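Chain residues, written in single-letter form:
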Amino acid sequence: PALRPTGRKCLRRPWPCRQYLEEEQLLDARYRLQKMPGGSVALPVLEGKLAEWQLRALQESGPCRLLWIQDPVPSKAASMRTPAQKLCSELQRLVLGLGESWSEELERDVPRSWQRHGDLVLLSEDSFSAALWMKLGPALWETVASALGAQRLARRGRVLPGGMRSPSVTLLLGQDGWVEHVDNGIRYTFDVTKCMFSPGNITEKLRVASLPCSGEVLVDLYAGIGYFTLPYLVHAAAAFAHACEWNHHAVEALRRNLALNGVQDRCHIHHGDSRKLQLRNVADRVNLGLIPSSEEGWSVACRVLKGTGGVLHIHHNVESLPAPAHLQPPVPRDKQRPPGEASSGKQEDGQGGRQSSEEMESGGKEMPAARVRPEWQKWAEATAARIQGLLAELHGQPWQTSILHIEAVKSYAPHVHHIVLDLECRPTLP
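The protein carries the name tRNA wybutosine-synthesizing protein 2 homolog in an unreviewed UniProt entry, which gives Chauna torquata as its organism. Quoted verbatim from the Pathway (unreviewed entry) field of the UniProt record, the comment on the protein reads "tRNA modification; wybutosine-tRNA(Phe) biosynthesis." As stated in UniProt under Catalytic activity (unreviewed entry), the record for the protein gives "4-demethylwyosine(37) in tRNA(Phe) + S-adenosyl-L-methionine = 4-demethyl-7-[(3S)-3-amino-3-carboxypropyl]wyosine(37) in tRNA(Phe) + S-methyl-5'-thioadenosine + H(+)".

In structure tokens form, the structure reads like this:
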């Protein structure tokens with residue numbers, strides 16, 4: 001209920017009055033009990049809930065009376081507001097202060113979550129869509145920034161159509177969209193209005209950082225701003241990296257990130273379409289971090305692998321249809337089979353534009369350590385067989401491919417999982 005301008009209604013009497021009020025659920029938990037002059041105690045009661053007969057009954061058991069207290073002291077629980085609650089409260093104060101009406105529609109339109117990048121807060125596309133917000137002008141964004149402890153604000157839109165997966169982000173407050181993000185000790189800087197970044201896939205970036213890559217040469221066919229290139233160089237100790245990227249905004253961020261982390265001398269950026277990459281016979285490892293499918297880069301990955309072979313890290317979205325457990329038993333990791341032990345199957349082929357495995361506008365749910373599902377194993381075996389054929393055709397001699405590991409990164413959509421296949425490729429000895 002609304003507070004009267006004169007203050008807060010309280011009962012001026014301690015025990016056993018408090019016990020009665022608690023039993024009858026009349027005590028207002030938003031405020032603290034307050035000591036009053038003369039040694040009495042004021043107990044906050046819910047306005048409009050205390051009936052006259054209840055007050056008379058209390059007065060018959062001892063002296064007590066109603067009074068109003070100006071600016072009562074909030075309870076500890078009431079004082080601990082979440083950022084979303086604080087934002088909603090400040091916006092309500094702004095709207096009412098400008099003579100407008102606060103409504104449930106406006107309250108539903110206030111965001112409950114957001115992304116924070118240093119002093120910039122990135123709001124979701126479905127927030128502040130009501131017509132009234134536009135009437136408030138700059139005061140709206142200044143209030144939002146103040147409530148969230150930010151200096152700059154931006155709002156995400158839908159990803160623009162086209163292969164480059166450019167974000168549609170509007171800067172609402174501030175001069176530019178460049179931010180810095182630290183992930184596993186690696187510094188990333190990028191312009192949120194030009195490049196997409198998701199804090200997801202952290203498990204895969206941590207895994208990449210732990211791989212034994214000392215002295216190796218990496219080719220990253222879809223480098224973006226350096227999501228995986230940097231962990232390979234900074235933590236996994238790769239000797240050199242070839243980073244391929246065709247979005248010029250991402251290339252600018254990648255250049256900055258290599259310098260920020262002091263590895264610019266160990267990386268060459270290939271600005272352009274990785275399908276036209278001219279490198280051959282240079283890589284110990286190739287990272288193919290493109291979803292829903294990196295198949296367009298498989299032939300390129302085979303060309304850049306050294307003649308002695310190496311490891312491909314192939315990202316893919318695999319659909320796992322629900323089925324009874326007794327019909328679809330998970331495949332334990334120790335039962336994962338190389339492709340030669342299984343018949344070839346039709347490969348799952350994702351649809352859609354080019355999307356770095358890190359550039360997911362609404363990142364999926366990260367997965368705990370998972371047993372390999374039959375659909376993942378089937379896709380991995382089909383992929384291994386396909387790569388084996390590509391390598392044999394390219395080199396004119398037989399090659400072997402071995403499934404080293406299948407990593408479940410996250411659940412990307414209902415029954416769709418983003419997985420990574422670690423595939424070792426070696427020429428067959430005569």
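Draft legend 1. Spotlight on the environment of Leu-305. Within the secondary structure, Leu-305 sits in the loop between α11 (298-304) and β16 (310-319). Its relative accessible area of 1% is what places Leu-305 among the buried residues. Residues Leu-305 and Val-286, spaced 19 residues apart in sequence, show a C-alpha to C-alpha distance of 7.4 Å.

Draft legend 2. Focus on the side chain of Asp-284. Examined against the element boundaries, Asp-284 turns out to sit in the loop between β13 (267-271) and β14 (285-288). The exposure class assigned to Asp-284 is buried, which follows from its relative accessible area of 16%. At 2.8 Å, the side chain of Asp-284 forms a polar contact with the backbone nitrogen of Val-217. At 3.2 Å, the side chain of Asp-284 and the side chain of Lys-306 are in polar contact. Once residues within four sequence positions are removed from consideration, Asp-284 is found in contact with Gly-215, Glu-216, Val-217, Leu-305, Lys-306, Gly-310 and Val-311.

Draft legend 3. Region of interest: helix α12 (residues 374-395). Its 22 residues place the ends of α12 32 Å apart at the C-alpha level, agreeing with the 32 Å of an ideal helix rising 1.5 Å per residue. Listed as buried for α12 are Glu-375, Trp-376, Gln-377, Trp-379, Ala-380, Glu-381, Ala-382, Thr-383, Ala-384, Ile-387 and Leu-391. In this structure, the buried side of α12 is in contact with α11, β16, β19 (399-413) and β20 (416-427). Just beyond α12, the residue with positive phi is Gly-396, at close to 70°.

Draft legend 4. Fine view of the confidence of the model for the protein. For the protein, the mean per-residue pLDDT works out to 83, and 82% of the residues sit at or above 70. Confidence drops under a pLDDT of 50 for residues 1-8, and excluding neighbours within four residues, the segment shows 26 contacts in the predicted structure. In the predicted structure, residues 325-355 sits below a pLDDT of 50 and forms 69 contacts with residues beyond four places in sequence or in another chain.

Draft legend 5. Structural view of the sheet that holds strand β8 (residues 169-173). Strand order in the open sheet formed by four strands is β5-β6-β7-β8, with mixed pairing between adjacent strands. With partners counted over all chains shown, the strands left at the sheet margins are β5 (115-117) and β8, one partner each. With direction set aside, neighbouring strand axes in the sheet form an average angle of 25°. Strand direction decides the pairing type here: strand β6 (residues 120-123) and strand β7 (residues 152-156), joined by four bridges, are parallel. By the bridge assignment for β7, Leu-120 is matched with Arg-152.

Draft legend 6. A look at the packing of aromatic side chains. Tallying each qualifying case throughout the model produces three aromatic pairs. Their ring planes at 70° and their centres at 6.3 Å tell us that Trp-102 and Trp-133 sit as a pair that is edge-to-face. Highlighted residues: Trp-102 in the loop between α4 (83-97) and α5 (104-109) and Trp-133 in helix α6 (residues 131-135), separated in sequence by 31 residues. With respect to burial, Trp-102 and Trp-133 carry one shared label: buried. When the ring of Phe-128 is compared with that of Trp-133, the centres are 5.1 Å apart and the planes differ by 85°; the resulting orientation is edge-to-face. No difference in accessibility class separates Phe-128 from Trp-133, as the two residues are buried. Among the aromatic residues, those joined into a ring-pair cluster are Trp-102, Phe-128, Trp-133 and Trp-141. When the ring centre of Trp-178 is taken as origin, the NZ or CZ atom of Arg-256, which lies over that ring, is 3.7 Å away.

Draft legend 7. Quick look at the environment of Cys-244. Positionally, Cys-244 belongs in strand β12 (residues 240-245). The spacing of Cys-244 and His-268 is 24 residues in sequence and 8.6 Å in space, taken between C-alpha atoms. If we skip the residues at most four places from it in the chain, Cys-244 touches Asp-220, Leu-221, Tyr-222, Ala-223, His-270, Ser-274 and Leu-277.

Draft legend 8. Representation of the pattern of salt bridges within the structure. Per the counting criterion, the structure on display carries 17 salt bridges. With a shortest N-O distance of 2.6 Å, Arg-207 and Asp-422 are connected by a salt bridge. One end of the pair, Arg-207, is in helix α8 (residues 202-209); the other, Asp-422, is in strand β20, and 215 residues separate them in sequence. Of the two residues, Arg-207 and Asp-422, both sit in the buried class. One salt bridge connects Lys-306 with Asp-284, and the closest N-O pair in it is separated by 3.2 Å. Taken together, the positions of Lys-306 in the loop between α11 and β16 and Asp-284 in the loop between β13 and β14 put the pair 22 residues apart, joining distant regions of the chain.

Definitions and limits used
- Residues numbered from 1 in each chain as written.
- Predicted model: local features only at pLDDT ≥ 70, side-chain atom pairs only at ≥ 80, totals over all residues.
- Heavy atoms only, no water.
- UniProt positions renumbered as here; feature names shortened; annotations may be inferred.
- Helix = DSSP H or I, 4+ residues; strand = E, 2+ residues; numbered from the N terminus.
- Buried < 20%, exposed > 50% of the residue type's maximum accessible area, 1.4 Å probe, protein only.
- Polar contact = N/O pair within 3.5 Å; in protein donor to acceptor, adjacent residues only side chain to side chain.
- Contact = heavy atoms within 4.5 Å.
- Expected span 1.5 Å × (residues − 1).
- pLDDT = per-residue confidence, 0-100.
- Pairing = 2+ DSSP bridges.
- Axes fitted to C-alpha atoms, helices over the stretch in contact; angles between N-to-C directions.
- Phe/Tyr/Trp six-rings, centres within 6.5 Å; stacked < 30°, edge-to-face > 60°.
- Lys NZ or Arg CZ within 6 Å of the ring centre and 35° of its normal.
- Salt bridge = Lys/Arg side-chain N within 4 Å of Asp/Glu carboxyl O.

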